[in-house]
Amino acid sequence: MAPYFFYLFAAVLIFASLCVVLARNPLYNVLSLVVAIFSLSCLFVILEAYFVGMILLLVYAGAVLVFFLFVVMCLNLNTITITSEQQSRFRWLGSFVGLMFLSSFFLASKSFIKAQSMDPSSIRGTIENIGKILFTNYLLPFELTSLLLLIAIFGIVSLAQGVLDTGKDN
Amino acid sequence: MITLGNYLALSGVIFSIGLIGVMTSRNVLKVLLSLELLLAASNLLFVAFSKFNGDYAGQLIVFFVILVAAAEVAIGLAIIVLMYRRLSTIQADELRTMKW
């Protein structure tokens, strides 16, 4: 049963990420990224990484992408970007480099798979198992992420401060 | 039977789509969305290797990557809003000066 689910969610993931890059309406870009994140989270569940899949749904699809949607609607980008959307001068160069990367990645991973054929282990990324390691071996990085988020808050507040100051000048 | 190779191939395809998106789009918002695709592809690879190696460290790194991505998106969107207020466009080509 699991192989069919893998191929189903892989197809949805590839289609949604193509929509992220190719759709012209920014609203559709964001919404197809929500679909992509959802199918990625389903793939995590197939890999028995339950905690990470849940966090991905909650934090990414729930918070980050809604933030994206908020900005798209707040800026009212639809009319502007659709009328003035011109493709970059480097479109063909960029696509060429991307496809070269894909082919080199396939060559490298092919030799890697030949070198060692692995069977899936029996680990299950439940909250209990992940939490035990997170609060013992990885406690310092976990605490440092709080510092990172604090610095991010400082950055956003200072950026917003600039907006308020220019508003006063006008 | 789904092997590690399937996950490697899927992750490579997603990463390439995101890479093409980053390099070809002029819209700054779309560049940020494609960066999220790059992070998603590497997250998938981390979890797949974690499962096939029997090591929880990969899933923990995905947890940290999600946290860092949340901070990055918050800052990036704040910069996009500022750019829209100053230049009233979000095309990357319009950013010509280093100091506003």
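Residues numbered from 1 in each chain as written. Chains lettered and ligands numbered in written order. Predicted model: local features only at pLDDT ≥ 70, side-chain atom pairs only at ≥ 80, totals over all residues.

Undergrad: Can you walk me through the overall build of chain B in this structure?
TA: In terms of regular secondary structure, chain B is built from three helices and zero strands. Secondary structure elements of chain B occur, N-terminal to C-terminal, as α-α-α. C-alpha atoms of chain B, sized along the principal axes, occupy 55 × 25 × 20 Å. By the burial criterion, 51% of the 100 residues in chain B qualify as buried. Contacts in chain B between residues far apart in sequence, at least 24 positions, make up 45% of those at least 6 positions apart. (Helix = DSSP H or I, 4+ residues; strand = E, 2+ residues; numbered from the N terminus. Buried ≥ 20, exposed ≤ 12 C-beta atoms within 10 Å, placed from the backbone. Contact = placed C-beta atoms within 7 Å.)

Undergrad: Whenever I open this one, the overall build of chain A confuses me. Can you help?
TA: The number of helices and strands found in chain A is seven helices and zero strands. When the 170 residues of chain A are sorted by exposure, 23% land in the buried category. Long-range pairs, those at least 24 residues apart, make up 58% of the contacts in chain A with a sequence separation of at least 6.

Undergrad: What exactly am I supposed to notice about the interface of chain B and chain A here?
TA: It is common to report an interface's size as the accessible area lost on association of the parts. Across the contact, 60 residues belong to chain B and 74 residues belong to chain A. Looking at the side of chain B that touches chain A, the elements with two or more residues in it are helix 1 (4-24), helix 2 (28-53) and helix 3 (57-87) of chain B. Split into classes, the residues belonging to the side of chain B that touches chain A amount to 40 nonpolar, 15 polar and five charged. (Nonpolar A, V, L, I, M, F, W, Y, C, P; charged D, E, K, R; others polar.)

Undergrad: Honestly, unusual backbone geometry in this entry has me stumped. Any pointers?
TA: The bulk of non-glycine residues show a negative phi, and the bulk of peptide bonds are trans. Residues and elements named next belong to chain A. The residue Glu 48 is not glycine, and still its phi comes out positive at about 60°. Checked against the element boundaries, Glu 48 lands in the loop between helix 2 (26-46) and helix 3 (50-75). On the basis of neighbour count, Glu 48 is assigned to the partly exposed category, with 18 C-beta atoms found within 10 Å.

Undergrad: Is there a simple way to think about the environment of A:Ile130 in this case?
TA: One can find A:Ile130 in helix 6 (residues 127-134). Beyond its immediate chain neighbours, meaning those up to four positions away, A:Ile130 contacts A:Phe51, A:Gly125, B:Tyr56, B:Gln59 and B:Leu60.

Undergrad: What am I meant to see in the packing of helix 2 of chain A against helix 3 of chain A here?
TA: Residue and element names in this part refer to chain A. In the contact formed by helix 2 and helix 3, the axes pass within 9 Å of each other and the chain directions differ by 175°. Viewed along their axes, helix 2 and helix 3 adopt a mutual orientation that is roughly antiparallel. The segment helix 2 lies against helix 3, with Pro 26, Leu 27, Val 30, Leu 33, Val 34, Ile 37, Phe 38, Leu 40, Ser 41, Phe 44 and Val 45 engaging Tyr 50, Val 52, Gly 53, Leu 56, Leu 57, Tyr 60, Ala 61, Leu 65, Phe 68, Leu 69 and Val 72. Looking at the contact of helix 2 with helix 3 residue by residue, the class counts come to 20 nonpolar, two polar and no charged. (Axes fitted to C-alpha atoms, helices over the stretch in contact; angles between N-to-C directions. Parallel < 35°, antiparallel > 145°, perpendicular 65-115°, else oblique.)

Undergrad: Sorry, what's going on with helix 1 (residues 2-22) of chain A here?
TA: Residues separated by three or four positions in an α-helix point in the same direction, a consequence of the helix having 3.6 residues per turn. Taking 1.5 Å of rise per residue, 21 residues should cover 30 Å, and helix 1 of chain A covers 30 Å from first to last C-alpha, within 8% of that figure. Along helix 1 of chain A, the residues that are buried comprise A:Phe9, A:Ala10, A:Leu13, A:Ala16, A:Ser17, A:Val20 and A:Val21. Buried residues of helix 1 of chain A fall within an arc of 140° about the axis and therefore sit on the same side. Seen from the open side of helix 1 of chain A, the exposed residues pointing more than 90 degrees away from its buried face are A:Tyr4, A:Leu8 and A:Ala11. In this fold, the buried residues of helix 1 of chain A make contact with helix 2 of chain A together with helix 1 and helix 2 of chain B. (Expected span 1.5 Å × (residues − 1). Arc of directions from axis to C-beta.)

Undergrad: What is the right way to read the packing of helix 3 of chain A against helix 3 of chain B from this model?
TA: The geometry of a pair of packed helices is captured by two quantities: the angle between their axes and the separation between those axes. Interaxial distance between helix 3 of chain A and helix 3 of chain B falls to 10 Å at its minimum, and their mutual angle equals 5°. Viewed along their axes, helix 3 of chain A and helix 3 of chain B adopt a mutual orientation that is roughly parallel. Residues A:Phe51, A:Val52, A:Ile55, A:Leu56, A:Val59, A:Tyr60, A:Ala63, A:Val64, A:Phe67, A:Phe68, A:Val71 and A:Leu75 of helix 3 of chain A lie in contact with helix 3 of chain B, whose contacting residues are B:Gln59, B:Val62, B:Phe63, B:Ile66, B:Ala70, B:Val73, B:Leu77, B:Ile80, B:Val81 and B:Tyr84. Here the contact of helix 3 of chain A with helix 3 of chain B is composed, by residue class, of 21 nonpolar, one polar and no charged.

Undergrad: Explanation requested: the nonpolar core in the structure shown.
TA: Side chains of a nonpolar character, in soluble globular proteins, are inclined to be buried together. By size, the foremost hydrophobic cluster in this structure holds 62 residues, and its most contacted members are A:Leu40, A:Val52, B:Ala40, B:Leu44 and B:Val47. Looking at this core, the elements with two or more residues in it are helix 1, helix 2 and helix 3 of chain A together with helix 1, helix 2 and helix 3 of chain B. Among the elements that take part in this core, helix 2 of chain B stands out by supplying 14 residues, more than any other. When residues no more than four places from it in sequence are discounted, the contact partners of B:Val47 are A:Phe44, A:Leu47, A:Ala49, A:Val52, B:Gly58, B:Gln59 and B:Val62. (Core = buried A, V, L, I, M, F, W, Y, C linked by C-beta atoms within 7 Å.)

Undergrad: When you look at the environment of A:Asn29 in this model, what are you seeing that I'm missing?
TA: Checked against the element boundaries, A:Asn29 lands in helix 2. Taking the C-beta count within 10 Å as the criterion, A:Asn29 has 25 such neighbours and is therefore assigned buried.

Undergrad: I keep staring at the environment of B:Ser42 and nothing clicks. Help me out?
TA: All names here are of chain B. Tracing the backbone through its elements, the reader meets Ser 42 in helix 2. Taking the C-beta count within 10 Å as the criterion, Ser 42 has 17 such neighbours and is therefore assigned partly exposed. The sequence separation of Ser 42 and Ile 66 amounts to 24 residues, and the corresponding C-alpha distance is 11 Å.

Undergrad: Just checking my understanding: could you explain the confidence of the model for chain B for this structure?
TA: Low pLDDT marks regions whose predicted coordinates should not be analysed in detail. Residues and elements named next belong to chain B. Averaged over chain B, the pLDDT score is 88; the fraction of residues at 70 or greater is 97%. Across chain B, element-level confidence peaks in helix 2 with a mean pLDDT of 92 and bottoms out in helix 1 with 89. Both confidence scores are given for the complex: pTM 0.87, ipTM 0.90. (pLDDT = per-residue confidence, 0-100.)

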